[in-house]
Amino acid sequence: RERFRHRSADIARCWAKYGLMLLSSSKERLMSDENEDELERQCSSDPDILQLGELWFTSLELSNYEDDITEKFILIYEDARKVFLHAQAWLNKAKQYYTLDGHASDCVQIIQDMSQLYKYLAFFEEDEERQSRMHKRRIDHLESVLKELNPQYYLLVCRQLWYELGETYSDILDIKLQKLQATDERPTPHALRKVNHLAEQSIANFNKFLDSLKDASTGNMPVRLSEDLVRPTLIAYFRVGRLYSKIITPDKAAQLQHVQETYEAYKFIVDYCKTDKEARNQVAVEVVVCEDMVKLLPLKLERLQRELQEE
């Protein structure tokens, strides 16, 4: 019976991975410029004929299971939600076996898959408030498991969770800012506090990721990062720099501090790419932005310093 529970959980995880891959591939297909003509052609002939490919068993009767989930690309929210609900049920089943107490690494992976399900579902959702709530569910899942993990023993896993939390808070922030920019009404104090809270939470999680990479004795970043950490680290610095610039405050001293933090984050990327030429290829777009900002931000810092002195 124990073996049966174990393998049933594994099968449920496989089905969930299929649902995730279906949503991911559908998103990529819709976002890809290269597939626009093909997508339009197929949609015009039959919007349901978006096949992932023919998958079948020759000797097993699986039609009941196959009917649970489509093999076709997803185009609209209603179809995405059906895939989401099935994948969510499979992950919940897998969690019954892969508990945090007995299978911490597997449990965390399942929680991360749950987060990704909400992320892809939010892509197909048009309502901004509902998108935000889906991302909030991601945060709830990730934070609930993170608080149970000791970074001393699960450092790599905690890094992944900090990074994803940083991205998720930033995703909600972008939604809120887009909503504020779309209206001519003056933002309410509550709306501004919400924007700042999201930015600060995103920064805090990215900084936890970055701090975990620093030398414990010196507090400095390694001169050379391992290849698998170069892009995540530089992107984290880029996101932190951007996030500080999104915080809204009338306090000139706070503004000065935020601009300084933005400058230092962008400057780290520029300096690192000067010593590691391969790194530049991994963040080619971002480093150009950083180089421009590193030239412009000192002027803004000088202006803010003058204004502070004149007060």
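Residues numbered from 1 in each chain as written. Predicted model: local features only at pLDDT ≥ 70, side-chain atom pairs only at ≥ 80, totals over all residues. Heavy atoms only, no water.

Colleague: I would appreciate a short explanation of the overall build of the protein chain in the present structure.
Modeller: For the protein chain, the helix and strand inventory stands at 12 helices and 0 strands. In sequence order, the protein chain lays out its α and β elements as α-α-α-α-α-α-α-α-α-α-α-α. Looking at the protein chain residue by residue over its 311 residues, the buried ones come to 41%. Put simply, 70% of the contacts in the protein chain that link residues at least 6 apart link residues at least 24 apart. Carbon and sulfur atoms make up 50% of the accessible area of the protein chain, which totals about 18600 Å². (Helix = DSSP H or I, 4+ residues; strand = E, 2+ residues; numbered from the N terminus. Buried < 20%, exposed > 50% of the residue type's maximum accessible area, 1.4 Å probe, protein only. Contact = heavy atoms within 4.5 Å. Areas by Shrake-Rupley, 256 points an atom, 1.4 Å probe, with all protein chains shown as cover.)

Colleague: Could you clarify how one ought to interpret the nonpolar core in this entry?
Modeller: As a rule of thumb, nonpolar side chains are buried together in soluble globular proteins. The biggest cluster of nonpolar side chains holds 56 residues, and the ones touching the most others in it are Leu 161, Phe 209, Leu 234 and Ile 269. Core analysis: the second largest hydrophobic core is formed by 27 residues, Leu 23, Ile 69, Ala 87 and Trp 90 among them. (Core = buried A, V, L, I, M, F, W, Y, C linked by side-chain atoms within 4.5 Å.)

Colleague: What should I look at first to understand the pattern of salt bridges in this one?
Modeller: Between side chains of opposite charge, a pair can form when the charged atoms approach closely. In total, this model carries 17 salt bridges according to the counting rule given. Asp 140 is the salt-bridge partner of Lys 136, the closest N and O atoms lying 2.7 Å from each other. Linking Lys 136 with Asp 140, this pair stays in helix α6 (residues 128-146), spanning 4 residues, or about one helical turn. Classification of Lys 136 as partly exposed rests on a relative accessible area of 41%. Using a relative accessible area of 34% as the deciding quantity, one classes Asp 140 as partly exposed. Salt-bridge contacts for Arg 242 lead to Asp 174; the nearest nitrogen and oxygen are separated by 2.4 Å. (Salt bridge = Lys/Arg side-chain N within 4 Å of Asp/Glu carboxyl O.)

Colleague: In this structure, what is going on with the packing of aromatic side chains? I would like to understand it.
Modeller: Aromatic ring pairs are described here by two measures, namely the spacing of the ring centres and the angle between the planes. Applying the stated criterion across every chain, the model contains 10 aromatic pairs. Their ring planes at 25° and their centres at 5.1 Å tell us that Trp 15 and Trp 90 sit as a pair that is stacked. Of the two residues, Trp 15 is situated in helix α1 (residues 2-31) and Trp 90 in helix α4 (residues 77-97); the sequence distance between them amounts to 75 residues. Clustering of aromatic rings is evident, with ring pairs tying together Trp 15, Tyr 18 and Trp 90. (Phe/Tyr/Trp six-rings, centres within 6.5 Å; stacked < 30°, edge-to-face > 60°.)

Colleague: Any chance you could explain the confidence of the model for the protein chain here in plain terms?
Modeller: A low pLDDT means the predicted coordinates there should not be read in detail. Of all residues in the protein chain, 90% attain a pLDDT of 70 or more, and the chain-wide mean is 89. The low-confidence segment residues 42-52, where pLDDT is below 50, has 21 contacts with residues more than four positions distant or belonging to other chains. (pLDDT = per-residue confidence, 0-100.)

Colleague: Can you help me understand α4 in this one?
Modeller: Given 3.6 residues to a turn, an α-helix orients residues that are three or four positions apart in the same direction. A rise of 1.5 Å per residue sets the reference length of α4, with its 21 residues, at 30 Å; its end C-alpha atoms lie 31 Å apart and thus fit the reference within 8%. Summarising the contacts, the buried residues of α4 are in contact with α1, α5 (104-124) and α6. (Expected span 1.5 Å × (residues − 1).)

Colleague: In this structure, what is going on with the side chain of Ser 8? I would like to understand it.
Modeller: Residue placement: Ser 8 occurs in helix α1. Using a relative accessible area of 13% as the deciding quantity, one classes Ser 8 as buried.

Colleague: What is the right way to look at the packing of α4 against α5 in this model?
Modeller: In a pair of packed helices, the angle between the axes and the distance between the axes together describe the arrangement. Orientation of α4 relative to α5, taken along the N-to-C sense of each, is 170°, at an axis distance of 10 Å. Between α4 and α5, the angle falls in the class roughly antiparallel. Of α5, the residues touching α4 (which contributes Tyr 77, Ala 80, Arg 81, Phe 84, Ala 87, Gln 88, Leu 91, Asn 92, Ala 94 and Lys 95) are Ile 110, Ile 111, Asp 113, Met 114, Leu 117, Tyr 118, Leu 121 and Phe 124. In terms of residue class, the contact of α4 with α5 is built from 13 nonpolar, 2 polar and 3 charged. (Axes fitted to C-alpha atoms, helices over the stretch in contact; angles between N-to-C directions. Parallel < 35°, antiparallel > 145°, perpendicular 65-115°, else oblique. Nonpolar A, V, L, I, M, F, W, Y, C, P; charged D, E, K, R; others polar.)

Colleague: Is there a simple way to explain the packing of α1 against α4 in this structure?
Modeller: Contact geometry of α1 with α4 gives a least axis separation of 8 Å together with a crossing angle of 155°. Here α4 runs roughly antiparallel to α1, going by the angle between their axes. Taken as a pair, α1 and α4 cross one another with a handedness that is left-handed. Across the interface between the two elements, Glu 2, Arg 5, His 6, Ser 8, Ala 9, Ala 12, Arg 13, Trp 15, Ala 16, Gly 19, Leu 22 and Leu 23 of α1 pack against Ala 80, Val 83, Ala 87, Trp 90, Leu 91, Lys 93, Ala 94, Gln 96 and Tyr 97 of α4. Its residues placed into classes, the contact of α1 with α4 shows 13 nonpolar, 4 polar and 4 charged. (Left-handed = near helix turned anticlockwise from the far one by under 90°.)

Colleague: Sorry, what's going on with α5 here?
Modeller: The end-to-end C-alpha separation of α5 is 31 Å, in line with the 30 Å expected for 21 residues at 1.5 Å each. α5 sits mainly inside the fold: 16 of its 21 residues count as buried.

Colleague: Looking at this structure, how should I read the environment of Lys 176?
Modeller: One can find Lys 176 in helix α7 (residues 155-181). What makes Lys 176 buried here is its relative accessible area of 18%. In the structure, Lys 176 is positioned 44 residues away from Ser 132 in sequence and 8.3 Å away in space, judged by C-alpha atoms.

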